[in-house]
Amino acid sequence: MTDHDTGASAGAPPARRSGGHAGRAGHAPTGPAPDGVPPARRSPAGAQDAPHRSTYERWRPPQAVRATVLHAGAWWLWALGLATAASRTTNPLLLGLIIGVAGYVVAARRTDAPWARSYGAFLKLGLFVIGLRLLFSMLLGSPIPGSHLLFTLPEVPLPAWAQGIRFGGRVTAEQLVFAFYDGLKLATLLVCVGAANALANPARLLKSLPAALYEAGVAVVVAMTFAPNMVADVVRLRTARRLRGRPTGGVKAILQIGLPVLEGALERSVAIAASMDARGYGRTAEVPPAVRHTTNVLTLGGLLGMCAGTYGLLAAQGAVYGLPVLGGGAALAVAGLRLGGRRSVRTRYRPDRWGARAWLVSGSGAAVAALLIHAGSVDPAALHPGVVPLTAPTLPLWPAAAVLIGLLPAFVAPVPPEEASQ
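Reading guide: rules and limits
- Along every chain, residues carry numbers that run from 1 in the direction the sequence is written.
- Whole-chain, interface and lining totals are the exception, using all residues; otherwise, since this is a predicted model, local features are given only for residues with pLDDT of at least 70 and side-chain atom pairs are given and counted only at 80 or more.
- Working from all heavy atoms in the structure, the side-chain values ignore hydrogens and water.
- Working definition: helices are DSSP H or I runs of at least four residues, strands are E runs of at least two. Numbering for both runs from the N terminus.
- Each residue is placed in one exposure class: buried if its accessible area under a 1.4 Å probe, protein chains only, is under 20% of its type's maximum, exposed if it is over 50%, and partly exposed if it falls in between.
- Contact between two residues is taken to exist if any of their heavy atoms lie within 4.5 Å; hydrogens are not considered.
- Polar contacts, as used here, are pairs of N or O atoms within 3.5 Å; protein pairs need one atom able to donate a hydrogen and one able to accept it. Residues neighboring in sequence count only if both atoms are side-chain atoms.
- The nonpolar core is taken to be a set of buried Ala, Val, Leu, Ile, Met, Phe, Trp, Tyr and Cys residues, with the residues joined through side-chain atoms within 4.5 Å.
- To obtain an axis, a line is fitted to C-alpha atoms, over the contacting stretch when the element is a helix, and the angle between two such axes runs from 0 to 180 degrees between their N-to-C directions.
- Orientation is classified from the angle alone, with under 35 degrees giving roughly parallel, over 145 giving roughly antiparallel, 65 to 115 giving roughly perpendicular, and any other angle giving oblique.
- Residues are sorted three ways: Asp, Glu, Lys and Arg are charged, Ala, Val, Leu, Ile, Met, Phe, Trp, Tyr, Cys and Pro are nonpolar, and all the rest, Gly among them, are polar.
- Per-residue confidence from the predictor is given as pLDDT, running between 0 and 100.
- When the centres of two rings from Phe, Tyr and Trp lie within 6.5 Å, Trp using its six-membered ring, the rings pair. Their planes under 30 degrees apart give stacked, over 60 give edge-to-face, and anything left gives tilted.
- Between Lys or Arg on one side and Asp or Glu on the other, a salt bridge is scored when a side-chain nitrogen of the former is within 4 Å of a carboxyl oxygen of the latter.
- By definition, any crossing whose near helix is turned counterclockwise from its far helix by less than a right angle is left-handed, and any crossing with a clockwise turn is right-handed.
- What a helix should span is 1.5 Å times the count of its residues minus one.
- Without a salt bridge and with relative accessible area above 30%, a residue can belong to a patch; like charges are then joined within 9 Å and nonpolar side chains (Val, Leu, Ile, Met, Phe, Trp, Tyr) within 5 Å.
- Computed by Shrake-Rupley with a 1.4 Å probe, the accessible areas treat only the displayed protein chains as cover when residues are assessed.
- Comment: arc refers to directions from the helix axis out to C-beta atoms.

Draft legend 1. Representation of the overall build of the chain. Across its full length, the chain carries 16 helices and two strands. The buried share among the 422 residues of the chain stands at 32%. A separation threshold of at least 6 residues defines the contact pool for the chain, and within that pool the share at least 24 residues apart is 79%.

Quick look at the structure:
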């Protein structure tokens, strides 16, 4: 460097830096604006870097984390709504549509938790129920008269005290179709319960129970988690036997798998009992006898009223009085549970919130149930196809569209972490 360059650099005023990027190409120099040029209007910091979000991105379901997880009770209300709709019809097309709706929602929103794998077991149980119903219809007969004879089984004579019951005899197409409709209806109810088991976290559902039902809720949760854990143990043991080159089918393999499964279930039961005892399970506070007796009367009366109202809703002629009785019973039960909660000394940490998405999920199931109940009073022949004479069932359009409302949870419920990461 020459003396001229050094002197020029020393006599020049220091350059004004802008954000630490002075001298970089493409940046205008900072300083006072020339005369006649208005000052530039600056936008807020970071505004130009904010990406444009479409309407779908703003309203799409969030990822299922602790703050956005869906309330477990919403899944059960949704499933009970579908089950109520299934109890109002014997149309195999509508029942198959309800099974398809429940299966699609489970496939879209279930996780990899052990209880989420129980849906397949409920499907197999439903198929077993249908087969058992058909078998009983063939062996024990049916009150449905039929003219389309399929085959005749050897009839076993029964004593006089068993009049009205037969074993074997004629098997007609009408009685088999009636038995299939009846079995499919029960299988659909089992599938709806299986969908709730696969989607709702039983431990989180236990946290949301009222304090008065906590002890009973623990027993229900243990019973609900026993079957999914047993299914997971069976799958794990069959996989281990397959890797070792041992057979996984047959009576001998089932007996060899059954003992480890029962042993694991016993170990889990002992572990749950020990953890419950360590956490002070069953400890209650003292309340006056009058409050305790009032709680018992209100709770028992409310539960009886809810049972009577539910029976009225499920029965064909009791839909008129079923809803008022169910509402009154629910109000009495809630009052009794509030009073009974005084005996509990348990505290709840960070309970789940019932948000807008929980209302949408539970409301979709309630809408399906209400619309199918209304359809049964408007067009009962479409919901209950006849078997004498034997006719092919038809799909009623607006009841089928009402069942499709049950797909709403697949689009509004939070996305499981595995699906969101993809």
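Draft legend 2. Main features of the side chain of Thr172. Here Thr172 shows up in strand β2 (residues 167–172). A polar atom in the side chain of Thr172 sits 3.4 Å from the backbone nitrogen of Gln175. Ignoring anything within four residues of it in the chain, the contact list for Thr172 reads Gly146, His148, Leu149 and Leu150.

Draft legend 3. Representation of the nonpolar core. The biggest cluster of nonpolar side chains holds 44 residues, and the ones touching the most others in it are Trp75, Trp78, Val361 and Leu372. Ranked by residue count, the leading element in this core is helix α3 (residues 72–87), at 10 residues. Excluding residues within four positions of it along the chain, Leu372 makes contact with Ala85, Arg88, Leu94, Leu383, Pro399, Ala402 and Val403.

Draft legend 4. Geometry of the packing of α3 against helix α12 (residues 356–378). α12 packs onto α3 with a crossing angle of 10° between their chain directions and a minimal axis gap of 8 Å. Of the possible angle classes, the one that applies to α3 and α12 is roughly parallel. Contact residues: α3 offers Ala74, Trp75, Leu77, Trp78, Gly81, Leu82, Thr84 and Ala85, while α12 offers Ala358, Val361, Ser362, Ser364, Gly365, Val368, Ala369, Leu372 and Ile373. Partitioning the contact of α3 with α12 into residue classes produces 12 nonpolar, five polar and no charged.

Draft legend 5. Summary view of the side chain of Thr299. Residue position: Thr299 is located in helix α10 (residues 289–314). With a relative accessible area of 18%, Thr299 lands in the buried category. Other than its neighbours up to four places away in sequence, Thr299 contacts Gly336 and Leu337.

Draft legend 6. Region of interest: the confidence of the model for the chain. Averaged over all residues, the pLDDT of the chain is 75; the fraction at 70 or higher stands at 68%. Per-element averaging of pLDDT across the chain places helix α1 (residues 3–11) at the bottom with 42 and helix α4 (residues 92–109) at the top with 92. Low confidence marks residues 1–31, where pLDDT is under 50. Its contacts with residues over four positions away, or in another chain, come to five contacts.

Draft legend 7. Here's a closer look at the environment of Ala382. As for its position among the elements, Ala382 is in helix α13 (residues 380–383). When its relative accessible area of 13% is taken as the criterion, Ala382 is described as buried. Ala382 sits 291 residues away from Asn91 along the chain, and the two C-alpha atoms are 7.4 Å apart. Ala382 has contacts with Asn91, Thr394 and Pro396, leaving out every residue within four places of it along the chain.

Draft legend 8. View of the packing of aromatic side chains. Tallying each qualifying case throughout the model produces three aromatic pairs. Between Trp75 and Trp78, the ring centres sit 5.9 Å apart and the planes meet at 80°, which makes this aromatic pair edge-to-face. Within this pair, Trp75 and its partner Trp78 are both found in helix α3, separated by three residues, close to a single helical turn. Pairing Trp354 with Trp359 gives two aromatic rings, centres 5.7 Å apart and planes at 80°, and the pair type is edge-to-face.

Draft legend 9. Spotlight on the pattern of salt bridges. Overall, the coordinates contain one salt bridge when judged by the stated rule. Where Asp182 meets Arg133, a salt bridge forms, and the shortest distance between an N and an O atom there is 3.3 Å. With Asp182 in helix α6 (residues 173–199) and Arg133 in helix α5 (residues 119–140), this residue pair connects regions lying 49 residues apart in the sequence.

Draft legend 10. Representation of the packing of α5 against α6 in the model. Close contact between α5 and α6 brings their axes to 8 Å; oriented N to C, the two are set at 160°. Relative to α6, the element α5 lies roughly antiparallel. Regarding α5 and α6, the two cross each other, and that crossing is right-handed. Partitioning the contact of α5 with α6 into residue classes produces 20 nonpolar, six polar and two charged.

Draft legend 11. Quick look at α12. Compared with an ideal rise of 1.5 Å per residue, which puts 23 residues at 33 Å, α12 spans 32 Å between its outermost C-alpha atoms and is within 8% of the ideal. In this fold, the buried residues of α12 make contact with α3, α4, α13, α14 (397–403) and α15 (409–412).

Draft legend 12. Representation of a nonpolar patch on the surface in the model. Residues Leu125, Phe128, Leu132, Leu135, Phe136, Leu140, Val156, Leu158, Ile165 and Phe167 make up a contiguous nonpolar surface patch of roughly 860 Å² in combined accessible area. The element best represented in the nonpolar patch is α5, accounting for six residues. Among the secondary structure elements, Leu132 is positioned in helix α5. Looking at Leu132, the relative accessible area reads 31%, which means it is partly exposed.

Draft legend 13. Expanded view of α5. The end-to-end C-alpha separation of α5 is 31 Å, in line with the 32 Å expected for 22 residues at 1.5 Å each. Residues of α5 that are buried: Tyr119, Phe122, Gly126, Val129, Ile130 and Ser137. Down the axis of α5, the buried set is contained in an arc of 95°. They therefore lie on one face. In this structure, α5 carries Lys124, Leu127 and Phe128 as exposed residues pointing more than 90 degrees from its buried face. Those residues of α5 that are buried are in contact with α4 and α6. Directly beyond the C-terminal end of α5, a positive phi value near 85° is found at Gly141.

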